[in-house]
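Chain by chain, the residues run as shown.
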Amino acid sequence: MKKKWWHDKVAYQIYPKSFLDTNGDGIGDLRGIISKLDYLKELGIDIIWLSPIYQSPFVDQGYDISDYYSIAAEFGTMDEFDELLAEAKKRDMYIIMDLVINHCSDKHEWFQKALANPDGEYADYFYFRDGKNGNPPNNYRSYFGGSCWEPVPGTDKYYFHMFAKEQPDLNWENPLLRQKLFDMVNWWLEKGLAGFRIDAIMNIKKDLDFPTLEPDGSDGLSSCWRMIESVDGIGELLEDLKKNTFERYDAFTVAEVFNMNKDELNQFIGDNGHFSTIFDFSAHTLSDGIHGWYDAPDIDFKKWRETIIKSQIEIEQIGFEANIIENHDEPRGVSRFLPEYGRNSDGTKMLGTISILLRGIPFIYQGQEIGMQNAIWNSIEEFNDINTIDQYQIATEAGLTDSQALSACCKMSRDNARTPMQWNNSINAGFTIGTPWLKINPNYKSINVETQEHNPDSVLNYYRKLISIRKSPYYKETFTYGEFIPVYENTENIMAYYRVLDNQRILIVSNFGKETVSIDLNYPIKKILLSNMNRATISMNSLNLNSCEVLVLECDN
């Protein structure tokens, strides 16, 4: 494997709207991010991923971009962005941004020109199609519910959108459109950006015949992703993107990839893959409901353990995946992956340890390092997320009561990850002196940065130690390039693995169960590198693990 500059890095995702507000308008901003760079540096962060800060109407929280070359006024100015780049560089940190190029906003100049002349040049930047007998061209259902087709005013045509109707899909078959996107990407890389997180990229390849598919719901519609799964040729588009942009700058790229054939993995993230890495969502899909959030299953520990191990082994000979517990599109990991008895400081540390020491690039989401949890929601009106409102409607239409539908949204809503960052126990958790754009999680009084800064046993200080060990000169090569070897797979409630390189062997072992578990050690222990329960000594032959205990142990090989 060719060694790359990003292989040993630790990344952190910032959701700018909810990170830190410095001007009192209730919305986080670039100035707030700049002010916390030292905090992130002390945590051990190398790469900062910013969710969209481009000009946008914010129908889908900035994933509907109206100008790719402008910073949204809510977040600040381009001068402030340049200052952020410069300040990050001073600290040997890298900034990557979201790249949203499957679709844009319906307020984008291109789409406005397309609407003005539905038969003109700009209409071919999108997918304008004639309707059929006064109905949409086919029966595709968008990710956010309802038809993927929206009427073009004053015509018999419809335009295609896989997400909200305000997010028309861009036509990647148009070479002129592709070149304009490549020019934009290169403009940001020239500015000093280190790379991109690439949004919904698998959706760029369409079946241009848009065939009607067998309905998969009572609405007579078929999920649009089924078309994506059945069409070939995306690799050519992705290679075109890479060769005309990322490759020229040795940029770091992490893609959001769903609906990929596993046998194509090496084409995506191998030495010559389309991207540097892709996110590993395998554990997150375990809570996918058949019909929606309302029938989403709880995470089963054995399935979760099996899924993580399988994913690690599949990827090992190919490249690096990006490992996550949560992000802006997922509920909080502590509330999702831990049993109720484990949703405490010890369990939070345990979950973080298992994730961050896996083979791959660790991505930490803002607030994860202090153990932020799902919020308490009292009504559907408290939510802002377009997807949550759609899922509430799906649940009620399926016969659930308002209370049951709300419960499903409380568990799965993306807004759980978007509640403002909890900096201290003052009003609004220190996020803003104004009215926050989204409610503050009521538990901020007990879970916040300032309180944890002063507690040596806090989740925050544990995360600092954990990342420090991963990056320490003595262990960095093993945690970066070392083999992943699962162990104790048949022991109830134990998640454990070795990281092995040359003569160095490190055991990461944890107990997700409620009762103490005893295991026999396969190798003598040289040193306790990290313990979430401050264990000082260990037996040479066996180990009793308390509930929610995790240990990182250097072994004699």
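Coordinates for the structure precede this section.
As the structure is a prediction and not an experimental result, all values here were calculated from the model. (Residues numbered from 1 in each chain as written. Predicted model: local features only at pLDDT ≥ 70, side-chain atom pairs only at ≥ 80, totals over all residues. Heavy atoms only, no water.)

Student: Can you lay out the sheet that holds strand β6 (residues 128-130) for me, pointing to particular residues and giving the numbers?
Tutor: Taken in spatial order, the 3 strands line up as β6-β9-β8 in an open sheet, and their pairing is antiparallel. Of all the strands in the sheet, just β6 and β8 (149-151) have a single pairing partner and so form its edges. Across the sheet, the mean angle separating the axes of adjacent strands is 40° when strand polarity is ignored. Pairing geometry for β6 and strand β9 (residues 157-160), over 3 bridges, is antiparallel. From the neighbouring strand, R129 faces β9, where its bridge partner is Y158. (Pairing = 2+ DSSP bridges. Helix = DSSP H or I, 4+ residues; strand = E, 2+ residues; numbered from the N terminus. Axes fitted to C-alpha atoms, helices over the stretch in contact; angles between N-to-C directions.)

Student: Could you give me a rundown of the sheet that holds strand β14 (residues 322-324), with the residues and numbers involved?
Tutor: On the basis of which strands lie adjacent, the closed barrel formed by 8 strands has the order β1-β2-β5-β10-β12-β13-β14-β15 and parallel pairing. Within this sheet the neighbouring strands show an average axis-to-axis angle of 25°, counted without direction. Relative to strand β13 (residues 277-280), strand β12 (residues 252-255) is paired through 2 bridges, and the arrangement is parallel. Directly across from V254, in β13, lies its bridge partner T277. Set on the sheet, helix α3 (residues 78-90) makes contact with β2 (47-50) and β5 (94-99); between it and β5 the angle comes to about 140°. (Contact = heavy atoms within 4.5 Å.)

Student: Which residues make up helix α4 (residues 109-116), and what values do they have?
Tutor: An α-helix turns once every 3.6 residues. As a result, residues three or four positions apart point the same way. Among the residues of α4, those classed as buried are W110, F111 and A114. Projected down its long axis, α4 carries its buried residues within an arc of 90°, all on one side. In the core, the buried residues of α4 are packed alongside β4 (67-71), β6, β9 and α5 (175-191). (Buried < 20%, exposed > 50% of the residue type's maximum accessible area, 1.4 Å probe, protein only. Arc of directions from axis to C-beta.)

Student: So what about α3? Which residues, and what values?
Tutor: Across its 13 residues, α3 extends 19 Å between first and last C-alpha, which sits within 8% of the 18 Å expected from 1.5 Å per residue. Every buried residue of α3 is listed here: E80, F81, L84, L85, E87 and A88. Taken from the residues just after α3, D92 is the one with a positive phi, measuring 55°. (Expected span 1.5 Å × (residues − 1).)

Student: Summarise the packing of aromatic side chains; cite the residues concerned and give the values.
Tutor: The tally for this structure, following the rule as stated, stands at 43 aromatic pairs. On the numbers, 5.0 Å between centres and 80° between planes, the contact of F111 with F126 is edge-to-face. One end of the pair, F111, is in helix α4; the other, F126, is in the loop between α4 and β6, with 15 residues separating them in the sequence. Comparing F111 with F126, the two get one shared label, buried. With 4.3 Å between their ring centres and 25° between their planes, W377 and F383 make a pair best called stacked. Under the relative-accessibility criterion, W377 is labelled buried at 5%. Given a relative accessible area of 6%, F383 falls into the buried group. The structure contains a cluster of three or more aromatic residues connected by ring pairs, namely Y54, Y68, Y69, F81, W110, Y122, Y125, W187 and W188. One cation-aromatic arrangement involves K17 over W437; the distance from NZ or CZ to the ring centre is 4.2 Å. (Phe/Tyr/Trp six-rings, centres within 6.5 Å; stacked < 30°, edge-to-face > 60°. Lys NZ or Arg CZ within 6 Å of the ring centre and 35° of its normal.)

Student: Can you break down the pattern of salt bridges residue by residue, with the values?
Tutor: Tallying each qualifying case throughout the model produces 41 salt bridges. Among the ionic pairs, K242 bridges to E239, the shortest N-O distance being 3.5 Å. Linking K242 with E239, this pair stays in helix α7 (residues 234-244), spanning 3 residues, or about one helical turn. We classify K242 as buried; its relative accessible area is 8%. A salt bridge links K242 to E247; the shortest N-O distance between them is 3.9 Å. (Salt bridge = Lys/Arg side-chain N within 4 Å of Asp/Glu carboxyl O.)

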